Amino acid sequence: MSPTLVGLAGMAALLVLLFLRMPIGIAMSLVGAAGVALLNSPQAALHSLGAFPYSHAAVQAFAVIPLFVLMGNFAAVSGMGKDLYAAAYAWIGHRRGGLASATVLACAGFAALSGSSVASAVTMGRVSLPEMERYRYDTRLATGVIAAGGTLGILIPPSTVLVVYALLTEESIGRLFLAGVLPGLLLTALFVATVVLLCAWRPQYGPPGERLALRARFAALAGAAPFVAVVLITIGGIYAGVFTVNEAAAVGALLTMAHALWRRRLGFAALRDALLQTVRTTAMVFLILIGAHIFSPFLALSRIPSDLASVLTGLELSAAGVLAILLAAYLVLGMFLEGFAMMVLTVPIVFPIIIALGIDPVWFGIFVAIVLEMGLISPPVGINVFVVKGVAQDVPMGRIFAGIMPFWLAMIVCVGILVAFPQIALVLPNSMMR
Amino acid sequence: MFDRLLRALALCGGAVLLGLMGLVAFDVLMRYVLRLPFLGAYEMTELAMALIVFLGLPYCAATGGHVSVDVLGELLERPALRWTGPLVNLAGAALLALMAWQAALFALGSRDRGEATNMLRIETWPFELLTAASMALFALVLVREAWRRR
């Protein structure tokens, strides 16, 4: 059998195993090892099974993953999410759709503490959904805005997805984090604009909330000060070259832990749960990473990525044309695959094409992150939708998906703007101090 | 009992993580305040990462934390297709058992070569052996899962 044929058979086998609900990391290890055994030698396959788990976990640069996850979990315990929502509410809650806009802003803020979309959606859902129900918001708008706002978690740094992209493509984690900042703010603005437009069109969707006195507004704003401090120190520290990414994560985790202790929210049980949750998430990410590293030599041996790259460059499509094809492919995949799975499966295949086309790999990381976000909220398996469903149990799935549609369109607009103006992603990493 | 063991292991991983947080933050402090970089921090981070990941892996598996694709979930729960669940779990267990065995061989090999970290000369084989033990526990979790879903 030719390497290409073995490669295609391997990918088909991988898809079958995935649809049979085998964990992604195990399925990739199984198919990758079998493929390497066929195309190279059984010894090489056994070596990768024995050596790669340790050698791809015991890496200094990877400490950023558990440390930032820990920071997000401490932030969830310390009530920073609630403070953020209160601050946003105080200033815009009295406007039409103001509670929904405040939810978007608080989600964006929480995303700067947490690298996970699910954590953002859960935390902000618990805080803002009861408020929106109290003011009789349309359930579609209320649930849609939480599901969509939660996805900002993987675009605004720190982001677990961007870390994994950096590890797969050997790009700098710090540069990818900085590249996510402005597109994250752009998407936040687009989400707020979506809320405003929706409520201008159908005022009953988002009745105004209570107007607060100026003194109360500033008090709420002061409540968000610890959040501002943590974000300035961590992300600002990376930008200014004061901290490495690992150091920013460790200092950030320490500061959010101190804040949670100071607020008397972090008892023994809460600490134990935060640690268990962090270790569990870390193990989940690393099983996938280990699987991806066992799988990728097989993919390279099959020569499918390089063949595909030369075919696509032979077609002499424009970069924008290729990106449009990739966008369409990702949107279809996003309906069936979970975000991490989609990334570890596609990036090794797509990355050579991106390099051959001369597309900036950091920019492409941001592109992938936004497209994955869209997958997180597309039917039938958008994971954020299930998270929101968990918080808003009496709202039918169909209504949640209907509520998401306008925000999904806003994401398409965001991708379009980024294609037209790639500098939005690249200006910060390119001006980063060293 | 087994679940409590896995949870205890994961908590040990959590304790290592807290230590790692302190270590990295302390390293920053040393560098900026005392201008004394702590030379062992790099390799201690490496070893801590191995501990955190592999102490947590079986716990993550036992609590259903590993990501899988659930599109066909309802279809696969039908009586005619119920057998796929245990089969997939057993296939995973077989692979993990193989990985545990290979990782143990890898650990013994590096003990024989006397491999250790650069600065502190900490031998790496116990950490590699932990990888093998973690894979073996993971395999046991999957076997139990196959038994439960039979």
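Worth saying up front: this structure is predicted, and the values here are computed from it rather than measured. Residues take numbers from 1 onward in each chain, read along the sequence in its written order. Here the convention is simple: chains get letters from A, ligands get numbers from 1, in the order in which they are written. Restriction of local features to residues with pLDDT of at least 70 applies here, the model being predicted, together with a cutoff of 80 or more for giving and counting side-chain atom pairs; totals for whole chains, interfaces and linings are based on all residues. Values shown for side chains rest on all heavy atoms present in the structure; no hydrogens or waters enter the calculation.

**Student:** What's the story with the nonpolar core in this structure? I'm lost.
**Tutor:** Note on soluble globular proteins: their nonpolar side chains tend to be buried together. Among the nonpolar cores identified, the biggest contains 203 residues, and Ile65, Leu113, Phe191, Trp363, Phe364 and Phe367 of chain A together with Leu20 of chain B are the most heavily contacted of them. Dropping the residues within four chain positions of it, Phe364 of chain A is found in contact with Tyr165, Leu323, Leu326, Val350, Ile354 and Ile359 of chain A. What is meant by a nonpolar core is a set of buried Ala, Val, Leu, Ile, Met, Phe, Trp, Tyr and Cys residues, joined one to another through side-chain atoms within 4.5 Å. Throughout, exposure labels follow a simple rule: accessible area from a 1.4 Å probe, protein chains only, divided by the maximum for the residue type, with under 20% read as buried, over 50% as exposed, and the rest as partly exposed. Residue contacts are defined here by distance: any two heavy atoms, one from each residue, within 4.5 Å place the two residues in contact.

**Student:** So what exactly am I meant to see when it comes to helix 4 (residues 64-78) of chain A here?
**Tutor:** Each turn of an α-helix holds 3.6 residues, which means side chains three or four residues apart point in the same direction. Labels follow the DSSP assignment, with helices taken as runs of H or I lasting at least four residues and strands as runs of E lasting at least two, numbered in each case from the N terminus. By this rule, a helix spans an expected 1.5 Å times one less than how many residues it contains. With 15 residues, helix 4 of chain A extends 21 Å between its outermost C-alpha atoms, agreeing within 8% with the 21 Å of an ideal straight helix rising 1.5 Å per residue. For helix 4 of chain A, the buried fraction is high: 13 of the 15 residues fall into the buried class.

**Student:** Honestly, the layout of surface pockets in this entry has me stumped. Any pointers?
**Tutor:** With a probe scaled to a water molecule rolled over the atoms, the places where space remains empty come into view. All names here are of chain A. Here the second largest pocket is characterised by a volume of approximately 730 Å³. Looking at the lining of the second largest pocket, the elements with two or more residues in it are helix 9 (160-169), helix 10 (173-201), helix 13 (245-262), helix 14 (268-302) and helix 17 (339-356). For the lining of the second largest pocket, the element with the most residues is helix 14, which contributes six residues. Ten residues, namely Ala, Val, Leu, Ile, Met, Phe, Trp, Tyr, Cys and Pro, are considered nonpolar, four, namely Asp, Glu, Lys and Arg, are considered charged, and the remaining ones, Gly among them, are considered polar. Split into classes, the residues belonging to the lining of the second largest pocket amount to 23 nonpolar, 10 polar and six charged. Both site types are read off a 1 Å grid over the protein atoms alone. A 1.4 Å probe that fits but cannot get out defines a cavity, while an open set with protein on both sides within 12 Å along at least five of seven lines defines a pocket; lining residues have an atom within 4 Å of a point. Grid points are joined across faces, edges and corners, and a volume is the space filled by probe spheres set on the points.

**Student:** Explain helix 14 of chain A here, please?
**Tutor:** Residue and element names in this part refer to chain A. Compared with the 51 Å implied by 1.5 Å per residue over 35 residues, the 51 Å span of helix 14 between its first and last C-alpha is a close match. The sharpest bend along helix 14 reaches about 25° and sits at Phe295, with the proline Pro297 one to four residues further on. The first or second residue beyond helix 14 is Arg303, which carries a positive phi of 60°. The reported bend at a residue is simply the angle between two axes, fitted to the 7 residues ending at it and to the 7 residues beginning with it.

**Student:** Which parts of the structure should I look at to understand the interface of chain A and chain B?
**Tutor:** Of the residues lining the interface, 54 residues belong to chain A; the matching set on chain B comes to 60 residues. Summed over both sides, the interface of chain A with chain B buries roughly 5,100 Å², with 80% coming from carbon and sulfur. The buried area of a pairing is the accessible area, by a 1.4 Å probe, that goes missing from both parts when the two are put together, added over both. Interface area lost by chain A to chain B is led by Arg21, Tyr54 and Arg280 of chain A, which between them contribute 16%. By definition here, a salt bridge exists when the distance from a side-chain nitrogen of Lys or Arg to a carboxyl oxygen of Asp or Glu is within 4 Å. For the pair chain A and chain B, the number of links is one salt bridge. Residues adjacent in sequence count toward polar contacts only when both atoms are side-chain atoms; beyond that, a polar contact is any pair of N or O atoms within 3.5 Å, and within protein one must be able to donate a hydrogen and the other to accept it. In this structure, the connection of chain A to chain B is made through four residue pairs in polar contact (both at pLDDT 80 or more).

**Student:** Sorry if this is basic, but what is going on with unusual backbone geometry here?
**Tutor:** Trans is the common state for peptide bonds, and a negative phi is the common state for residues other than glycine. Residue and element names in this part refer to chain A. Between Pro157 and Pro158 the backbone carries a cis peptide bond, its omega angle lying at -10°. Turning to its location among the elements, Pro158 is positioned in the loop between helix 8 (139-150) and helix 9. With a phi angle near 70°, Arg21 is a residue other than glycine that sits in the positive phi range. Residue placement: Arg21 occurs in the loop between helix 1 (3-19) and helix 2 (24-39). Even without glycine at this site, Arg303 takes up a positive phi of about 60°. Relative to the helices and strands, Arg303 resides in the loop between helix 14 and helix 15 (304-314). Residue class for Arg303 comes out partly exposed when judged on its relative accessible area of 47%.

**Student:** Just to check I follow, could you spell out the pattern of salt bridges for this structure?
**Tutor:** Side-chain pairing between opposite charges can occur once the charged atoms of the two side chains come close. Residue and element names in this part refer to chain A. As enumerated under the stated definition, the model contains eight salt bridges over all chains in all. One salt bridge in this structure joins Asp83 and Arg263, with 2.8 Å as the shortest N-O distance. Of the two residues, Asp83 is situated in helix 5 (residues 80-92) and Arg263 in the loop between helix 13 and helix 14; the sequence distance between them amounts to 180 residues. With relative accessibility at 15%, the residue Asp83 sits in the buried group. On the basis of relative accessibility, which here comes to 28%, the residue Arg263 falls in the partly exposed class. For Glu131, the salt bridge identified is with Arg134, shortest N-O distance 3.3 Å. With a gap of three residues between them, Glu131 and Arg134 both fall in helix 7 (residues 117-134), about one helical turn apart. Overlapping salt bridges, with partners in common, bring together Asp138, Arg140 and Arg399 in one network.

**Student:** What's the story with the confidence of the model for chain B in this structure? I'm lost.
**Tutor:** Caution is warranted with low-pLDDT regions, since their predicted coordinates should not be read in detail. Along the chain, pLDDT gives the predictor's confidence residue by residue, from 0 to 100. On average, residues of chain B carry a pLDDT of 91, and 100% of them reach 70 or more. Here the complex is predicted with pTM 0.91, and the ipTM for its interfaces comes to 0.94.

**Student:** How should I be thinking about the environment of Leu51 of chain B in this particular structure?
**Tutor:** Residue and element names in this part refer to chain B. The topology assignment puts Leu51 in helix 2 (residues 41-62). In this structure Leu51 comes out as partly exposed when scored by relative accessible area, which is 23%. A sequence separation of 84 residues divides Leu51 from Met135, and the C-alpha atoms of the two residues are 13 Å apart. Not counting the four nearest positions on each side in its chain, Leu51 is found in contact with Val16, Phe127 and Leu130.

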